[in-house]
Amino acid sequence: KKLEIDDLGTYKVYKFKMLDIGKIFPKLQMRLYARKLEKSFKKYLKDNKFPDVIHAEVTLPAGYACAKLGKKYNIPVLVTEHSSNYYQYFKGDNKEFGDYVLSNTLFSTVSRYMKDELSLSCCEIIPNIVDVGVFNKKRYKRGATLRLVVVAGFRNGKNLDDIIKGMDVLVHKRNMNVHLDMVGDGYLMPYLKEMVDNYELNKYVTFLGRKTKEEVAEILSCNDIYIIASDTETFCIPGIEALASGTVIVSTRCKGPEEYIDSSCGKFYKVHDIEDMCDKIIEVYKSLDKYDLKHLRSVAEKYSMDNVSNKAISIYESMLKDKNKAH
């Protein structure tokens, strides 16, 4: 079926399937997508009340299609951009559609650095929601082994190979009693496993695969330091999940996480600088008892469902007021 409706209890998801011709005819694909989304919207209207606001979670194609819907049906549209590659939406074949979004919606990002780089006069910040309550687990009793953890997609940009190189230095050069849990999967899994084998780290690194949110919470509560090695992160949800779990962070300066990590939550190191990474891990390890569990969790609480949804609702209400003023 072209149209599918998933009933998730408190709401329904309307999905209209279409061919992906974007790589061959990108502009045609964008216009077809907008038409298909309107078909889904019309089906939605048969079953539901007329919406007050439309909220798209990516600039293209959804933001463009929603901007067209908003203009046609006189509905205010909010767009939230999450991607670290957001520049792709405002250049080349995408430029006319990205510019249309900026001109016909209220634009928002998940972090301040994105807002600053986009240099938009009217841009809101709506962070990602983290279900912090799930991660409020009892902390394990620390032993003699320093336990490190990373939760990520095994793909380029996350620099998980840097973390394995760091483990090689910690184990074989600095003679530390250390273990690394790697949670996630992706196309780099075979390469990373081969690295671990070549560095003779099989006893010190465990690949745990993809896990549920509840399982991730349990794993984080059993580790000492969470590692972020990325080039760029718009937000990095697992970083907030780590803080909610009471886990201190050692991270690269990769933009998004810099908004919630400071000296009370962990330390930063230079991207791709393995020795600097190891230095910071050891510095944090020596001071682990000085980090306040309640403070770590209070930082994460800023991104709770209640706090972020209240921010979004206040923006919706201001959009509706502006709409009413215009009439």
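Below, the structure is looked at part by part.

About the cut-offs
Residues numbered from 1 in each chain as written. Predicted model: local features only at pLDDT ≥ 70, side-chain atom pairs only at ≥ 80, totals over all residues. Heavy atoms only, no water. Buried < 20%, exposed > 50% of the residue type's maximum accessible area, 1.4 Å probe, protein only. Helix = DSSP H or I, 4+ residues; strand = E, 2+ residues; numbered from the N terminus. Arc of directions from axis to C-beta. Contact = heavy atoms within 4.5 Å. Pairing = 2+ DSSP bridges. Axes fitted to C-alpha atoms, helices over the stretch in contact; angles between N-to-C directions. Core = buried A, V, L, I, M, F, W, Y, C linked by side-chain atoms within 4.5 Å.

## A few points about helix α6 (residues 189-198)
All of the buried residues in α6 are M189, L192, M195 and V196. Along the long axis of α6, the arc covered by the buried residues comes to 125°, so they all point the same way. Summarising the geometry of α6, the exposed residues directed more than 90 degrees from the buried face are P190 and N198. Among the structural elements, α5 (160-173), β8 (178-183) and β9 (205-209) are those in contact with the buried residues of α6. At the exit of α6 stands E200, carrying a positive phi of roughly 55°.

## What about the sheet that holds strand β5 (residues 106-109)?
Strand order in the open sheet made by the 4 strands is β3-β4-β5-β6, with parallel pairing throughout. Each end of this open sheet is capped by a strand with a single partner; those strands are β3 (54-56) and β6 (123-125). Here the strands of the sheet are splayed against their neighbours by 25° on average, with no regard to which way each runs. The pairing of β5 with β6 spans 3 bridges and is classified as parallel. Its bridge partner lying in β6, S108 is registered against E124.

## So, the nonpolar core
Generally speaking, a soluble globular protein has its nonpolar side chains buried in company with each other. Within the largest apolar cluster, 94 residues are counted, with the highest numbers of intra-cluster contacts made by L148, M182, I225, Y226, Y260 and I281. It is helix α2 (residues 59-73) that contributes the most residues to this core, 8 residues altogether. Leave out the neighbours within four places in its chain, and Y226 touches V149, V150, V151, L220, P238, G239, A242, T247, V248, I249 and V250.

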